[in-house]
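Here are the chains, one letter per residue:
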There are 2 protein chains.
Amino acid sequence: MVQPLEITIERSVNKKEKPPEDQLGFGTYFTDHMFIMDYAIEKGWHQPRIVPYQPILLDPAAKVFHYGQTIFEGLKAYLTDDGRTLLFRPQKNLQRLNRSNERLSIPEIDEALVLDALKQLIAVDQDWIPTEAGTSLYIRPFVFATQPALGVSPSTHYQFMIIMSPVGAYYPEGVNPVKIFVESEYVRTVIGGVGEAKTAGNYAAGLKAQEIAKEQGYSQVLWLDGIHRKYIEEVGSMNVFFKIKGTVYTPSLNGSILDGITRNSIIHLLKHWNIPVVEQILSIEELYEAGKAGFLEEAFGTGTAAVISPIGELSWCDEKLVINQGQTGDLSQRLYDTLSGIQRGTISDPFDWMLEVEGSAPVAVSSKNSNL
Amino acid sequence: MVQPLEITIERSVNKKEKPPEDQLGFGTYFTDHMFIMDYAIEKGWHQPRIVPYQPILLDPAAKVFHYGQTIFEGLKAYLTDDGRTLLFRPQKNLQRLNRSNERLSIPEIDEALVLDALKQLIAVDQDWIPTEAGTSLYIRPFVFATQPALGVSPSTHYQFMIIMSPVGAYYPEGVNPVKIFVESEYVRTVIGGVGEAKTAGNYAAGLKAQEIAKEQGYSQVLWLDGIHRKYIEEVGSMNVFFKIKGTVYTPSLNGSILDGITRNSIIHLLKHWNIPVVEQILSIEELYEAGKAGFLEEAFGTGTAAVISPIGELSWCDEKLVINQGQTGDLSQRLYDTLSGIQRGTISDPFDWMLEVEGSAPVAVSSKNSNL
Ligand SMILES: Cc1ncc(COP(=O)(O)O)c(C=O)c1O
Ligand SMILES: Cc1ncc(COP(=O)(O)O)c(C=O)c1O
């Protein structure tokens, strides 16, 4: 049997100053340590290690710069009032990591090892988990191709890393609906492409449409399918749900949509509450018709960053559709309260979603105090 | 008026050993120097410099790793028999570089400055241009996002680099037809996406299909359009042409196809020769019908790496189509000979395509000699 790899730890000697918790924003500050592991075609994944957060040295010919062979994940650790550290369904992220790897011809990673690395890294940087209401520690695992060679083919060498960033409350003043631009010109991806994978190119492809929408006062774009420009796919980097005449609809996983973990959890919760929820193909025309007939009761995006992001207004081909008078709907609010309550340990966890990072509580308490 | 930026040069003290010219391959060896220039939102592009080829230091949160905001170009320098160094239509590459930048929300780069940088870099590494028949110096300009921030939005900071690699003869034993797999499941891109841009994600998206085709004995895939899976787009990283009953057809630039510089030059040459050439939408059914009726005379891919790559056989939904008995066609050969002759300065250049890197000849001669 293959011996499990041992994770070595090199502790930082120069700890960074922690940023003020009301100025964290998203993904701009990083903790004192990071996890790193290498892959070479002749050795497989090797040398898993926690080291001080530091720049990486790469050959300018490394394939990631040229051919974008890279994937990532995003999840959060939450600190509970009683000092426990909880992760939300991390196994799901690791499974998706490997599905993305598969699609991008990147070698599979041992999920148990990565989960272990994640826990150890969090324990080492425990004092970086912010404590203010709504804050959390965002965790970014990612893999990229390092072989310095310009032939277009899968790399023989990779690095896998985990970096972490304390992030601010998404809604410092309560859940807030956004205006969304329905994008008819640009598309994010198409069936047969890599839309199902969490890979860099999908996000690069979305930047321009997003910039244009921002300039016009919208916070995000709603992506339509790349074939008919008709069927609803996602909203920015979120999955999307609509409540129409009491039933909740979300686009089915057709191959070009990301299988969001928040999406999956929302579907679970709705079923648990006996609220009808349907995964199906959904056209923007139908949605507008339902809206104009007064049947569209709520709309919201779902994702790790915001949990729930209510949509107060859509704009499609110059036609605006106001949803629930631009207010957060009751179901959106209930889903937000429930899911974020489960994540933060303030309400019970009926599905066993939360994974406690064990042995971290004492560290948490002491280093938090030392930071006061 | 803004002063043009001055390019500084730091010469390498430890010159690398040159690889044997019959073992160059493609993009695996790199020259002694590279060009680099930085962008910061508050300063614009600044500090253009030629420095020894070296690894780059990047924050692991740099946006290129996560959101793939990066573009590149590819062109070649050729050494003529009389010791001159020629570039093939480099201005076209720089224009395309900026079109790619525009699509990826990357700030525009001064094309005149880059051309100057390119010439100076080649002059500094002149002794790296290989001399054997068919060899050349491959030049890879590229831009990538460096801002260490995980929000999905255009970066505030970038680096632009040029690296160079001596590359072997593409056809050491004469032009050679390849077998191509017509891909019906995976797609490279779709209209509304970034297929027109030379950006990393397009290549990442193609890796898996390419791997599967290779395993089955094909050298590349032919991409069909992402909407109908019916219309021919490109072959691997090449544009594609078909000669049917004396007329040459190539897919029109519909927004999801790269505007290849070789493609453009082939169209010019054909027109110059009064051979009918048509840019139009072209379905794989039509092509197969023409082939089965005996009207498909030649097929070939075009690109900087191979110039012309004749297609000897297609396989689409298990149906094989042999073209020109699997042999290189007369027109393919004539196009190859003419274009590569113009590029290498052995035949006249009626369109003024070649740009000489001035002042480099003496360096070339002396350092070549010193390498003998
Ligand atoms: C494109 C895209 N869709 C949807 C989501 C939502 O997925 P999750 O709920 O797993 O965060 C994300 C990531 O957050 C995403 O990047
Ligand atoms: C996708 C793709 N198509 C076509 C080409 C051919 O373009 P060019 O003739 O400019 O090399 C390339 C690049 O070489 C490419 O990457």
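Just so you know, the residues in each chain are numbered from 1, in the order the chain's sequence is written. As they are written, the chains are lettered A onward and the ligands numbered 1 onward, keeping that order. Local features are withheld for residues below a pLDDT of 70 in this predicted model, meaning they are given only at 70 or higher, and side-chain atom pairs are given and counted only at 80 or more; totals for whole chains, interfaces and linings count all residues. Hydrogen atoms and water are omitted, and side-chain values are computed over all heavy atoms in the structure.

- Per an unreviewed UniProt entry, chain A is named Branched-chain-amino-acid aminotransferase, and its organism is Paenibacillus agricola.
- UniProt positions are given in the numbering used here, feature names are shortened, and annotations may be inferred rather than shown by experiment. The record in UniProt for chain A states the following under Sequence similarities (unreviewed entry): "Belongs to the class-IV pyridoxal-phosphate-dependent aminotransferase family."

## Details of the pattern of salt bridges
Part 1: A pair is scored as a salt bridge if a Lys or Arg side-chain nitrogen falls within 4 Å of a carboxyl oxygen belonging to Asp or Glu. Taken as a whole and assessed by the stated rule, the structure comprises 24 salt bridges over all chains.
Part 2: Notably, a salt bridge pairs Glu73(A) with Arg96(A), separated by 2.8 Å at the nearest N-O pair. With Glu73(A) in the loop between β5 (70–72) and β6 (75–79) and Arg96(A) in helix α2 (residues 90–103), this pair connects stretches of sequence that are 23 residues apart. Per residue, the accessibility class of Glu73(A) equals that of Arg96(A), and both read buried.
Part 3: Among the salt bridges present, the one from Arg84(B) reaches Asp82(B), with a minimum N-O distance of 3.3 Å.
Part 4: The network of salt bridges with shared partners includes Asp82(A), Arg84(A) and Glu356(A). Under the DSSP-based scheme used, a helix requires at least four consecutive residues in state H or I and a strand at least two consecutive residues in state E, with every element numbered from the N terminus. For each residue, the accessible area found with a 1.4 Å probe, counting protein chains only, is set against the maximum for its type, and the residue is called buried under 20%, exposed over 50%, and partly exposed in between.

## Re the environment of Tyr203(A)
All names here are of chain A.
Part 1: As for its position among the elements, Tyr203 is in helix α4 (residues 200–215).
Part 2: Sequence separation between Tyr203 and Gln120 is 83 residues, and the spatial gap between their C-alpha atoms is 30 Å.
Part 3: Polar contacts, as used here, are pairs of N or O atoms within 3.5 Å; protein pairs need one atom able to donate a hydrogen and one able to accept it. Residues neighboring in sequence count only if both atoms are side-chain atoms. Engagement of the side chain of Tyr203 in a polar contact is seen with the side chain of Lys198, the distance being 3.4 Å.

## With respect to the packing of aromatic side chains
Residue and element names in this part refer to chain B.
Part 1: Here is the rule: rings of Phe, Tyr and Trp (six-membered ring for Trp) pair when centre to centre is within 6.5 Å. Planes less than 30 degrees apart are stacked, more than 60 are edge-to-face, and the remainder are tilted. Applying the stated criterion to the full structure yields 37 aromatic pairs over all chains.
Part 2: Each ring, one from Phe35 and one from Phe160, has its centre 5.9 Å from the other, and the planes form 70°; the classification is edge-to-face. Taken together, the residues Phe35 in strand β2 (residues 33–40) and Phe160 in strand β9 (residues 157–167) connect sequence positions 125 residues apart.
Part 3: A residue is classified by how much of its surface remains accessible, and Phe160, at 0% relative accessible area, is buried.
Part 4: Placement of a positive charge over a ring is assigned whenever Lys NZ or Arg CZ falls within 6 Å of the ring centre and within 35 degrees of the normal to the ring plane. When the ring centre of Phe295 is taken as reference, the NZ or CZ atom of Lys245 above it lies at 4.4 Å.

## Structural notes on the site of ligand 2
All names here are of chain B.
Part 1: Residues are classed as near a molecule or strand on a simple rule: at least one heavy atom within 4 Å of it. Around ligand 2 sit 15 residues in total, of which Tyr203, Glu234, Ile261, Thr262 and Thr304 are the nearest.
Part 2: Within the side chain of Thr262, one N or O atom sits 2.5 Å away from an oxygen atom of ligand 2.
Part 3: In this structure, an oxygen atom belonging to ligand 2 sits 2.6 Å away from a side-chain N or O atom of Thr304.
Part 4: In short, Shrake-Rupley with a 1.4 Å probe defines the accessible areas, and a residue's cover is counted only from the protein chains shown. Contact with the protein chains hides 95% of the accessible area of ligand 2, taken as 380 Å² for the molecule alone.
Part 5: Counting residues per element, the ones that place at least two in the shell around ligand 2 are α5 (261–272) and β16 (296–303).
Part 6: Polar here means any residue outside two lists: the nonpolar Ala, Val, Leu, Ile, Met, Phe, Trp, Tyr, Cys and Pro, and the charged Asp, Glu, Lys and Arg; Gly therefore counts as polar. Its residues assigned to classes, the shell around ligand 2 shows 4 nonpolar, 7 polar and 4 charged.

## Describing the interface of chain A and chain B
Part 1: What makes two residues a contact is simply this: any of their non-hydrogen atoms within 4.5 Å. With 61 residues of chain A at the contact, the number on the chain B side is 61 residues.
Part 2: Buried area: the sum, over both parts, of the accessible surface (1.4 Å probe) that disappears when the two are put together. For the chain A and chain B pair, buried surface summed over both sides reaches about 5,000 Å², with 64% attributable to carbon and sulfur atoms.
Part 3: Inspection of the region where chain A meets chain B yields 2 salt bridges.
Part 4: Ionic pairing is found between Lys208(B) and Glu102(A), a salt bridge with its closest N-O pair at 2.8 Å.
Part 5: Applying the counting criterion to the chain A and chain B interface returns 24 residue pairs in polar contact (both at pLDDT 80 or more).
Part 6: Elements supplying a minimum of two residues to the side of chain A that touches chain B: β4 (56–58), α1 (63–67), β5, α2, β8 (136–145), β9 (157–167) and α4 of chain A.
Part 7: Per element, the largest residue contribution to the side of chain A that touches chain B is 9 residues, and it comes from α4(A).

## Quick word on the relation of the copies chain A and chain B
Part 1: Superposing chain A onto chain B takes a rotation of 180° combined with a translation of 0.0 Å along the rotation axis, leaving an RMSD of 0.0 Å. Within this description, the copies of the chain are treated as partners about a two-fold rotation axis. Across chain A, the rotation axis passes nearest the C-alpha of Gly201(A), at a separation of 2.0 Å.
Part 2: In this assembly the copies share their binding face: 100% of the residues contributing to the interface of chain A also contribute to that of chain B. Alignment of copies: least-squares fit on C-alpha atoms of residues with pLDDT of at least 70 in both copies.

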